[in-house]
Amino acid sequence: MRGLTILSALAAVASAQKVKVLPLGDSITDICCWRGFAWAEIAKAGLADQVDFVGSMTGIQGRCNAPSGFDPNHEGHSGWQAYDIARDNIAGWMQQSKPDVVSVLLGTNDINIGKRDATTIINAYTSLLTSMRTANPNVAVVMSTIIPMRWDDATAAAVNKQLPAWVQQHNTTQSPIYFADISRTTGFTTDMLQGDGVHPTIQGDQIISNHLAPLIIEAVTQLK
Ligand SMILES: *[C@@H]1O[C@H](CO)[C@@H](O)[C@H](O)[C@H]1NC(C)=O
């Protein structure tokens, strides 16, 4: 009895020491497949038992063929905008899931639905970052560009052009920001989008994972 209690206490400690990673995004995170591909990379790096994907949402589409052991938690919300999440949701989500690492893939709906301009979107990112750091001063952030879309690429391009300087401006040793440039510049083409012109195909999801997974792994490794 006592031995078992000690064992379960040890198991609790081991799981408490996992690095919590929050995949934050819109439908590209919710209903597309990059999380499954990224998990495969995390497993390949030998980190499957040391990473805990967190977030109030669960699941991944069957077509994604997520690898065995895949951790389905996330905070991807279809149709949602960075602007609204920064104002209404991020503080609560940070309290709920207490992530060590947040990967951010947002902005597409700010353009398509919100018709927001580049400056407003960049300001929303700053507001997100401030809330994340208020909740966890040591949070590591994997910040992505907006992936190309078939229309209003000009606003996406304007945001993406400003992001490297934004990252440098806000990067700190205590709360590092890693930058994923998933844009035309690095080979993401509109051929990697589904018919709706917004959501990645499986090939596009693989490209997104190729960018995000190594940075998530780097962030996790730095925190171990
Ligand atoms: C941010 O700073 C960390 C070190 O604190 C560094 O590892 C990382 O590469 C920097 N990010 C960028 C995009 O330069």
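In the block above lies the structure referred to throughout.
To keep things clear, this report deals only with the structure shown in the data block. (Residues numbered from 1 in each chain as written. Predicted model: local features only at pLDDT ≥ 70, side-chain atom pairs only at ≥ 80, totals over all residues. Heavy atoms only, no water.)

## Observations regarding the overall build of the chain
Heads up, the rule is: Under the scheme used here, helices are H or I runs from DSSP no shorter than 4 residues and strands are E runs no shorter than 2 residues, and both carry numbers assigned from the N terminus. Here the globule rule reads 2.2 Å times residues to the power 0.38, and the radius of gyration is calculated from C-alpha atoms.
Scanning the chain for helices and strands turns up eight helices and six strands. Listing every helix and strand of the chain by position from the N terminus yields α-β-α-α-β-β-α-β-α-α-β-α-β-α. A compact globule built from 224 residues should have a C-alpha radius of gyration of about 17 Å, and the chain, at 17 Å, falls within 12% of that. Principal axes of the C-alpha set define a box for the chain whose edges measure 65 × 35 × 25 Å.

## Brief notes about the site of the ligand
Where we set the bar: By convention in this text, a residue qualifies as near a molecule or strand provided that one of its non-hydrogen atoms is within 4 Å of it. Pairs of N or O atoms are called polar contacts if they sit within 3.5 Å, as long as, within protein, a hydrogen donor faces a hydrogen acceptor (for residues adjacent in sequence, only side-chain-to-side-chain pairs). For every accessible area listed, the method is Shrake-Rupley and the probe measures 1.4 Å; residues are considered covered only by the protein chains on display. Put simply, Ala, Val, Leu, Ile, Met, Phe, Trp, Tyr, Cys and Pro go in the nonpolar bin, Asp, Glu, Lys and Arg in the charged bin, and everything else, Gly too, in the polar bin.
Every residue close to the ligand is listed here: Val167, Gln168, Asn171, Thr172, Thr173, Ile177 and Phe179. Contacts to the ligand include asparagine 171, whose side-chain N or O atom sits 2.4 Å from an oxygen atom. Isoleucine 177 places a polar main-chain atom, nitrogen or oxygen, 2.8 Å from a nitrogen atom of the ligand. Contact with the protein chains hides 59% of the accessible area of the ligand, taken as 360 Å² for the molecule alone. Residue composition of the shell around the ligand, by class: three nonpolar, four polar and no charged.

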